[in-house]
Amino acid sequence: MKVVLIGGYGAFGARTARLLALDGHTIWLAGRNPDQGAALAREIGAQTLYVDRFAELEGLFAVQPDVVIDAAGHFQAYGDAPYR
């Protein structure tokens, strides 16, 4: 399965990414600073991807993931449009 993990190189996201990698999924570690995820990406065989969940999401759509997991930040806040 193709999985984009927003915040995939943070505390919770990295744990999730490692578990998904063990199950053989294709993973993109996404966020505003993808260089921070480069070491983890090499370790688990993932790729990195720039995504700002509050801005344009073209990069996310270009990957055409089967699943998107948002693990960014301690508490996700989406304001008035939580499913945009």
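Residues numbered from 1 in each chain as written. Predicted model: local features only at pLDDT ≥ 70, side-chain atom pairs only at ≥ 80, totals over all residues. Heavy atoms only, no water.

Asker: Explain the pattern of salt bridges to me, using residue names and the numbers behind them.
Answerer: Applying the stated criterion across every chain, the model contains one salt bridge. A salt bridge links Arg18 to Glu43; its shortest N-O distance comes to 2.9 Å. Of this pair, Arg18 sits in helix H1 (residues 11-22) while Glu43 sits in helix H2 (residues 38-44), and the two are 25 residues apart along the sequence. For Arg18, a relative accessible area of 36% corresponds to the partly exposed category. (Salt bridge = Lys/Arg side-chain N within 4 Å of Asp/Glu carboxyl O. Helix = DSSP H or I, 4+ residues; strand = E, 2+ residues; numbered from the N terminus. Buried < 20%, exposed > 50% of the residue type's maximum accessible area, 1.4 Å probe, protein only.)

Asker: Please provide a residue-by-residue account of the nonpolar core, values included.
Answerer: Judged by nonpolar contacts, Val3, Leu5, Ala14, Ala17, Leu20, Ile27, Leu29, Leu40, Ala41, Ile44, Ala46 and Ala71 together constitute the single largest core of twelve residues. Non-local contacts of Ile44, meaning those with residues more than four positions away in its chain, are made with Ala17, Arg18, Ala21 and Ile27. With ten residues, the next largest nonpolar core counts Ile6, Ala30, Val51 and Leu60 among its residues. (Core = buried A, V, L, I, M, F, W, Y, C linked by side-chain atoms within 4.5 Å. Contact = heavy atoms within 4.5 Å.)

Asker: Mind laying out the pairing of strand E2 (residues 26-31), listing which residues take part and the relevant values?
Answerer: Burial of E2 is extensive: five of the six residues sit out of reach of the surface. Of the pairings in the sheet, the one linking strand E1 (residues 2-6) to E2 comprises five bridges and is parallel in character. Counted as the bridge partner of Val3 is Ile27 from E2. The parallel pair E1 and E2 is bridged by H1, and the resulting crossover is right-handed. In the sheet, E2 pairs with strand E3 (residues 47-50) via four bridges, with the strands oriented parallel. Bridged to Gly31 within E3 is Tyr50. The β-α-β motif built from E2, the intervening H2 and the parallel element E3 has right-handed crossover chirality. (Pairing = 2+ DSSP bridges. Right-handed = clockwise from strand over helix to strand, strands pointing away.)

Asker: If you had to explain H1 to someone new, which residues and values would you point to?
Answerer: Its twelve residues give H1 an end-to-end C-alpha distance of 17 Å, which sits within 8% of 16 Å, the value for a rise of 1.5 Å per residue. Taken together, the buried residues of H1 touch E1, E2, H2 and strand E4 (67-70). In the stretch just after H1, Gly24 is the one whose phi turns positive, near 85 degrees. (Expected span 1.5 Å × (residues − 1).)

Asker: Help me get a handle on the sheet that holds E4, residues and values and all.
Answerer: Read across the open sheet, the four strands follow the order E3-E2-E1-E4; overall the sheet is parallel. At either margin of the open sheet sits one strand with a lone partner, and together these are E3 and E4. Averaged over all neighbouring strand pairs, the angle between strand axes comes to 25 degrees, with direction disregarded. As paired elements, E1 and E4 share four bridges and run parallel to each other. Looking at the pairing, Ile6 lines up with Asp70 of E4. (Axes fitted to C-alpha atoms, helices over the stretch in contact; angles between N-to-C directions.)

Read these as geometric descriptors, not functional statements.
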